[in-house]
Amino acid sequence: GDMVKRLSQQRAHLRDITLLILQKYDVHCSLCGRAFTAADFPARATDLLTEHHIDGDHSNASIENRVVVHRSCHKSYHMWLRRSNEKGSYLLHGSI
């Protein structure tokens, strides 16, 4: 009862804070370049964002190696990478 309600309220608050940070600092998807919006944080579903490890090494958790991306962009990127059978990282949007 009360615990479930508190957890739900905390999740909603965390969602709002995360969205505020991403919008205030004009954070964009590093793969497609689109800005993050409230639509990327549906209230009752899985968040549509994830992290991408630039060098492909998931054990390298340094802040410089991790970027926020749309989940769909991340999936498309890894499908492209598998199809092209290439090693290394995708040229991220804005890194030219």
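Keep in mind the model is a prediction, meaning the values are calculated, not measured.

Participant: Just to check I follow, could you spell out the overall build of the chain for this structure?
Facilitator: Within the chain, the secondary structure is distributed over two helices and two strands. Listed by position from the N terminus, the elements making up the chain come as α-β-β-α. Scored against the burial criterion, the 96 residues of the chain give a buried share of 22%. Sequence separation of 24 or more characterises 43% of the internal contacts of the chain that already satisfy a separation of 6 or more. On the chain, roughly 7100 Å² of surface is accessible, and the fraction owed to carbon and sulfur atoms is 57%.

Participant: Sorry if this is basic, but what is going on with the side chain of H74 here?
Facilitator: Take H74: it is sitting in helix α2 (residues 71-84). Discounting residues that sit within four places of it in the chain, H74 has contacts with L31, T50, E51, H52 and V69.

Participant: Is there a simple way to think about the side chain of H53 in this case?
Facilitator: Within the secondary structure, H53 sits in strand β1 (residues 49-53). Overall, H53 belongs to the buried group, its relative accessible area being 8%. Beyond its immediate chain neighbours, meaning those up to four positions away, H53 contacts H58, N60, N65 and R66.

Participant: What's the story with the pattern of salt bridges in this structure? I'm lost.
Facilitator: Opposite charge on two side chains permits them to pair, given that their charged atoms come into close proximity. The final tally for this structure, using the stated rule, is two salt bridges. Where E51 meets R66, a salt bridge forms, and the shortest distance between an N and an O atom there is 2.5 Å. Within this pair, whereas E51 is found in strand β1, its partner R66 is found in strand β2 (residues 66-70), the two being separated by 15 residues in sequence. What makes R66 partly exposed here is its relative accessible area of 34%.

Participant: What's the story with unusual backbone geometry in this structure? I'm lost.
Facilitator: Trans peptide bonds make up most of the peptide bonds, and negative phi angles are found at most residues other than glycine. A positive phi is found at D26, a non-glycine position, where the angle reads about 55°. Here D26 shows up in the loop between α1 (2-24) and β1. Taking relative accessible area as the criterion, D26 reaches 52% and is therefore assigned exposed.

Participant: Explain the nonpolar core to me, please; I cannot follow it from the model alone.
Facilitator: Note on soluble globular proteins: their nonpolar side chains tend to be buried together. Among the nonpolar cores identified, the biggest contains twelve residues, and these are L19, L22, C29, L31, F36, F41, L49, V67, V69, C73, Y77 and L81. When residues of this core are traced back to their parent elements, those giving at least two are α1, β2 and α2. Per-element tally for this core: the top contributor is α2, with three residues. Not counting chain neighbours up to four residues away, the residues in contact with F41 comprise R15, T18, L19, L22, D47 and L49.

What counts as what
Residues numbered from 1 in each chain as written. Predicted model: local features only at pLDDT ≥ 70, side-chain atom pairs only at ≥ 80, totals over all residues. Heavy atoms only, no water. Helix = DSSP H or I, 4+ residues; strand = E, 2+ residues; numbered from the N terminus. Buried < 20%, exposed > 50% of the residue type's maximum accessible area, 1.4 Å probe, protein only. Contact = heavy atoms within 4.5 Å. Areas by Shrake-Rupley, 256 points an atom, 1.4 Å probe, with all protein chains shown as cover. Salt bridge = Lys/Arg side-chain N within 4 Å of Asp/Glu carboxyl O. Core = buried A, V, L, I, M, F, W, Y, C linked by side-chain atoms within 4.5 Å.

Treat this as a map of the structure, not an account of what it does.
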